[in-house]
Amino acid sequence: GRDLRKVNDVFTSIYTYTTNYTDKGMLLNTLTEHGAEELVENGDEISCKLFGMEMIYYKKDGSNGYTLDVTQVTDKCECEDLINDLNDEYGLNIQEMTYNKIKERLEQENMRLESETVMEDNSIVLTIDI
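Residues numbered from 1 in each chain as written. Predicted model: local features only at pLDDT ≥ 70, side-chain atom pairs only at ≥ 80, totals over all residues. Heavy atoms only, no water.

In this structure, what is going on with a negative patch on the surface? I would like to understand it.
Side chains of D75, E78, D81, D85 and D88 sit close together on the surface and give a patch of like negative charge. Its place among the elements puts D88 in helix α2 (residues 76-108). (Patch = residues over 30% accessible without salt bridge, like charges linked within 9 Å, V, L, I, M, F, W, Y side chains within 5 Å. Areas by Shrake-Rupley, 256 points an atom, 1.4 Å probe, with all protein chains shown as cover. Salt bridge = Lys/Arg side-chain N within 4 Å of Asp/Glu carboxyl O. Lys, Arg positive; Asp, Glu negative; His and termini not counted. Charge placed at Lys NZ, Arg CZ, Asp CG, Glu CD. Helix = DSSP H or I, 4+ residues; strand = E, 2+ residues; numbered from the N terminus.)

In structure tokens:
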């Protein structure tokens, strides 16, 4: 959504997006990997600048996922492309974290990874010998 808010006595267009981001550490890692500048963390709020846009991630009351407010948008298509790139990168980071946790758990449970196949959509199929 898009709305107009008064920020520092100036009316500013703010684009708001609901994200599926729930892991703060992974979000910070994704933003850093993507080249975020002036990254500031304050509780559950994360703010940064990315390609000239100001981004603020925060959690609404009772929500598990982050909401994103973007200001200083000069090109809405470029903004949406950036958000899609961040979504893809966040998903890959979550996949990598999950993969590593599964491999650690296999070792703890004395199980063995029999085979591993990366599919065309970058999903991974693990066959486990139990």
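Would you mind showing me how to read helix α1 (residues 24-33) here?
What sets the pattern is the α-helix's 3.6 residues per turn: residues three or four places apart point alike. What α1 keeps buried is the set M26, L27, L28, T30 and L31. Close packing links the buried residues of α1 with β3 (37-42), β4 (45-50), β5 (53-59), β6 (66-71) and α2. Two to three positions downstream of the cap, the backbone nitrogen of G25 sits 3.2 Å from a side-chain oxygen, assigning the N-cap of α1 to D23. In the stretch just after α1, G35 is the one whose phi turns positive, near 95 degrees. (Buried < 20%, exposed > 50% of the residue type's maximum accessible area, 1.4 Å probe, protein only. Contact = heavy atoms within 4.5 Å. Polar contact = N/O pair within 3.5 Å; in protein donor to acceptor, adjacent residues only side chain to side chain.)

Just to check I follow, could you spell out unusual backbone geometry for this structure?
Residues apart from glycine generally show negative phi values, whereas peptide bonds are mostly found in trans. You will see that F51, though not glycine, has its phi angle at about 55 degrees, which is positive. Mapped onto the elements of the fold, F51 is located in the loop between β4 and β5. Even without being a glycine, Q72 presents a positive backbone phi close to 60 degrees. By the secondary structure assignment, Q72 is in the loop between β6 and α2. Q72 sits in the partly exposed class, given a relative accessible area of 44%.

Can you walk me through the state of the cysteines in this structure?
Linking two cysteines covalently via their sulfur atoms produces the bond known as a disulfide. Per the stated rule, a full pass over the model turns up 0 disulfides. C79 provides the cysteine sulfur closest to C77, a residue in no disulfide bond, and the two sulfurs are 9.8 Å apart. For C77, a relative accessible area of 53% corresponds to the exposed category. (Disulfide = S-S within 2.5 Å.)

I'm lost on the packing of aromatic side chains in this one. Help?
Tallied over the entire structure, the rule returns 2 aromatic pairs. Ring centres 5.9 Å apart and planes at 40 degrees place the aromatic pair Y21 and Y57 in the tilted group. Of this pair, Y21 sits in the loop between β2 (10-18) and α1 while Y57 sits in strand β5, and the two are 36 residues apart along the sequence. Looking at Y21, the relative accessible area reads 2%, which means it is buried. Here Y57 falls in the buried class, since its relative accessible area comes to 0%. Here a set of aromatic residues connected by ring pairs shows up, and it is made of Y21, Y57 and Y90. (Phe/Tyr/Trp six-rings, centres within 6.5 Å; stacked < 30°, edge-to-face > 60°.)

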